[in-house]
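# Residue-level structural notes
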Amino acid sequence: MQLYLPIAELPLNLFLLLGMGGAIGFISGLFGVGGGFLLTPLLIFVGVPAPVAVATSSVHIAASSVTGSLTYWRRRALDLKLGSVLVAGGLVGTVAGVLFFNQMRKLGHLDLVITLSYVTLLMSVGCLMFVESIGALVEQRKGKPAVLRHAGEHRWYERMPFPMRFHRSKMSTSVIPLIVLGAIIGFIGTVLGIGGGFLVVPALIYLFRVPTSVVVGTSLFQILITMIVATLLHAVISQAVDVLLAMTLVVGGVIGAQFGARTGQALKGEQFRLLLALLILIVGVRFAFDIIGAPQDLYSINATVLDR
Amino acid sequence: MRRSPTTLAGFRRRLAAALGLALLASSIPAQAEDLILALSTREVAITSTYTGAEITVFGLIERDARTIARTGGYDIVAQVQGPTGEVTVQRKGKFGPIWLTDDRQKYAKIPLFFSILSSRPLTTVVDEAVREKLQLGLEFFLPKPDAQPGRRDADDFGFRNALLRLRRDERGLIEDPKSITMIRPNLFTARVVLPATAPTGLYLVNLTVLAEGLPLKTAQAGFVVRKVGFDAFVANAARTEAWGYGLFTVLMAVMMGWMANLVFRRD
């Protein structure tokens, strides 16, 4: 059944959209990543114009994070305090990101920025996580307990001014690195149409050694707030949010996210990190292939703008 | 003096030929065919179930008693021109190990939908000069190659060809030599196929009757493609009430996320 999308200006199959939303929602609930880094390219692949794909993904991410964070909240696996600090930084980054996004759209360099950022980020984060989690799994086989955090240990950035205690995350750190982390993620997330969860999750696990279960819930909360702001800004500035496309994706997404969150709770920390690393690497390789492999067609139509 | 029969016959033949020529010469302005068009619809409405449209143009070639006979019959060609816009074509180049966009070319004010309709392959109907006169090709809407100072001809040629090829792939440029059907020697239908991605706006159908490769008469008809009902409401709200539209979208997303949580709650 074809559904005409009023802003994307093309008809797409309703069940295809529901299925896409569901699959990405599952991954989102499972890993605490927004899933936009999969959804945006998928939408572009099925023909949605790039600005609409980026702007509309943020709605889907917001909805699946609502359902995911509520599930984690009820399981006491959401650090509201940590999440709020990240959000504060995220807001700054989001505003900068939307302004940057719009400039890039005018200049037409958006695809280059998107592709290069994707590849660099996904590949480096994915490789680091892959190596670490394999190591942890091997250690565990040998019978040694996998410990990411040693009691009383504080790294240099954790000793910066304005310390704060996060009970639920079982850690204390300076607020400054958390704000900076939030800002970077907000910026990248807005420009690329991704929640930035695939950066938050590893950063909290490795840099701040927050327990994995709490990381996912907290990351989802931070993504939720960031994406609400991003959706509003996209709607006002780029006017590329397609409400019909968004709602179709959201219906699939919230259901998928529920199943994802349940599955996620059953995974061990190391298994979780390995699976996330693999997911990130797969996406990274796919995008790397885009810029390293010889293009099938040297030419492409980058933008089509109707005279008004 | 008696004229030889052969001379008389020759004179008669010359007279007939002269008269014939005079008749032919005087007939051209007075006896040209008239062309009458009617469209199956004047408005294509985009609703939630829109997957493209098909419009039929009915045409009648009107002749009167003085119109001379066309031994080869008529040919019909038409171009359908949609709203204009700007298309940016980019080209990738190799920089070390990676492929990046190294050049781009903007084409402003070109029709974002363009189709050429005929009853048989276009090259068998018109020659290059007539094709250019009737603008049967998107290439006639592109800037002339020399209008791009500082760019090499080869580059320009590459971009122009790529634009035409890519627009064909995207169905923004359609050449259909089987879309005009002659029902009677002077009655025909032209089928205009609009893909779902054809932009909203005004469309102009420019239809020409030809005989022996020469255009006799041209007529125009127009139709409009626009969003109606829910789709028009959404598109309008997104543009004029951006804040409200954004807030509504966010609210819907949050509500749906919350509801899913209630539905799936087991404890």
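What follows deals with the overall build of chain B. Counting its secondary structure elements, chain B contains six helices and twelve strands. Of all 267 residues assigned to chain B, the portion counted as buried reaches 27%. For chain B, long-range pairs separated by at least 24 residues make up 72% of all intrachain contacts whose partners lie at least 6 apart in sequence.

What follows is about the environment of A:L18. Residue and element names in this part refer to chain A. Examined against the element boundaries, L18 turns out to sit in helix α1 (residues 14-31). Between the alpha carbons of L18 and H60 there is a distance of 11 Å; along the sequence they are 42 residues apart. Beyond its immediate chain neighbours, meaning those up to four positions away, L18 contacts T248, V251 and G252.

In this section: the domain arrangement of chain B. Residues and elements named next belong to chain B. As far as domains go, chain B holds domain 1 (33-226) and domain 2 (228-267). Its C-alpha centre places domain 1 at a distance of 40 Å from the equivalent point of domain 2. Taken together, the contact between domain 1 and domain 2 spans five residues of the former and four residues of the latter.

Here we take up the environment of B:I68. Residues and elements named next belong to chain B. Residue placement: I68 occurs in the loop between β3 (53-62) and β4 (75-81). You can call I68 partly exposed: it has 14 C-beta atoms within 10 Å. For the pair formed by I68 and V205, sequence separation is 137 residues and the distance between their alpha carbons is 27 Å.

Time to look at the interface of chain A and chain B. Contact with chain A, which involves 48 residues of that partner, is made by 52 residues of chain B. Every element with two or more residues in the side of chain A that touches chain B is listed here: β1 (2-5), β2 (10-13), α3 (50-74), α8 (212-238), α9 (243-265), α10 (269-292) and β5 (299-306) of chain A. A per-element tally of the side of chain A that touches chain B places α9(A) first, with nine residues. In terms of residue class, the side of chain A that touches chain B is made up of 35 nonpolar, eleven polar and two charged.

All names here are of chain A. Between α3 and α8, the shortest axis-to-axis distance is 7 Å and the interhelical angle comes to 150°. On the basis of the axis angle, α3 is roughly antiparallel to α8. For α3 against α8, the interelement crossing comes out left-handed. From α3, P51, A55, S58, V59, I61, A62, S65, V66, G68, S69, Y72 and W73 reach across to α8, where they touch V216, G217, L220, F221, I223, L224, M227, I228, A230, T231, H234 and S238.

All right, on to the sheet that holds strand β6 (residues 98-111) of chain B then. One open sheet accounts for three strands, arranged β5(A)-β5(B)-β6(B); its pairing is antiparallel. Edge strands, defined here as strands with exactly one partner in the open sheet, are β5 of chain A together with β6 of chain B. Taking each pair of neighbouring strands and ignoring which way they run, the sheet shows an average axis angle of 20°. The pairing of β5(A) with strand β5 (residues 84-95) of chain B spans seven bridges and is classified as antiparallel. From the neighbouring strand, A:V305 faces β5(B), where its bridge partner is B:E86. Where helix α4 (residues 153-169) of chain B meets the sheet, its contacts fall on β5 of chain A together with β5 and β6 of chain B, and the angle it forms with β5(B) comes to roughly 120°.

What follows is about the nonpolar core. Counting 146 residues, the largest nonpolar core has A:A62, A:V201 and A:V250 as its most contacted members. Ranked by residue count, the leading element in this core is α8(A), at 15 residues.

What follows concerns the pairing of β3(B). For strand β1 (residues 34-39) of chain B and β3(B), the ladder comprises six bridges, and the chain directions are antiparallel. For B:A38, the partnering residue across the bridge sits in β3(B) and is B:F58.

Let us look at the confidence of the model for chain B. Detailed conclusions should not be drawn from predicted coordinates in areas where pLDDT is low. Residues and elements named next belong to chain B. Averaged over chain B, the pLDDT score is 84; the fraction of residues at 70 or greater is 85%. Confidence over residues 1-6 falls short of pLDDT 50; this stretch has one contact with residues more than four positions distant or in other chains. A low-confidence stretch, residues 21-30 stays under pLDDT 50, and its non-local contacts, those more than four residues away or across chains, total three contacts.

Non-glycine residue A:R76 carries a positive phi angle of around 55°. Mapping A:R76 onto the fold places it in the loop between α3 and α4 (80-107). For B:K109, which is not glycine, the phi dihedral falls at a positive 55°. Note that B:K109 resides in strand β6.

Further remarks concern the packing of α3(A) against helix α6 (residues 242-264) of chain B. It is at 8 Å that the axes of α3(A) and α6(B) come closest, and there the two elements cross at 35°. Between α3(A) and α6(B) lies a crossing of right-handed hand. The segment α3(A) lies against α6(B), with A:V59, A:A62, A:A63, A:S64, A:V66, A:T67, A:L70 and A:T71 engaging B:T249, B:V250, B:A253, B:V254, B:M256, B:G257, B:W258, B:A260 and B:N261. Taken together, the residues of the contact of α3(A) with α6(B) break down into eleven nonpolar, six polar and no charged.

Calculation notes
Residues numbered from 1 in each chain as written. Chains lettered and ligands numbered in written order. Predicted model: local features only at pLDDT ≥ 70, side-chain atom pairs only at ≥ 80, totals over all residues. Helix = DSSP H or I, 4+ residues; strand = E, 2+ residues; numbered from the N terminus. Buried ≥ 20, exposed ≤ 12 C-beta atoms within 10 Å, placed from the backbone. Contact = placed C-beta atoms within 7 Å. Domains from an automatic or database assignment. Nonpolar A, V, L, I, M, F, W, Y, C, P; charged D, E, K, R; others polar. Axes fitted to C-alpha atoms, helices over the stretch in contact; angles between N-to-C directions. Parallel < 35°, antiparallel > 145°, perpendicular 65-115°, else oblique. Left-handed = near helix turned anticlockwise from the far one by under 90°. Pairing = 2+ DSSP bridges. Core = buried A, V, L, I, M, F, W, Y, C linked by C-beta atoms within 7 Å. pLDDT = per-residue confidence, 0-100.

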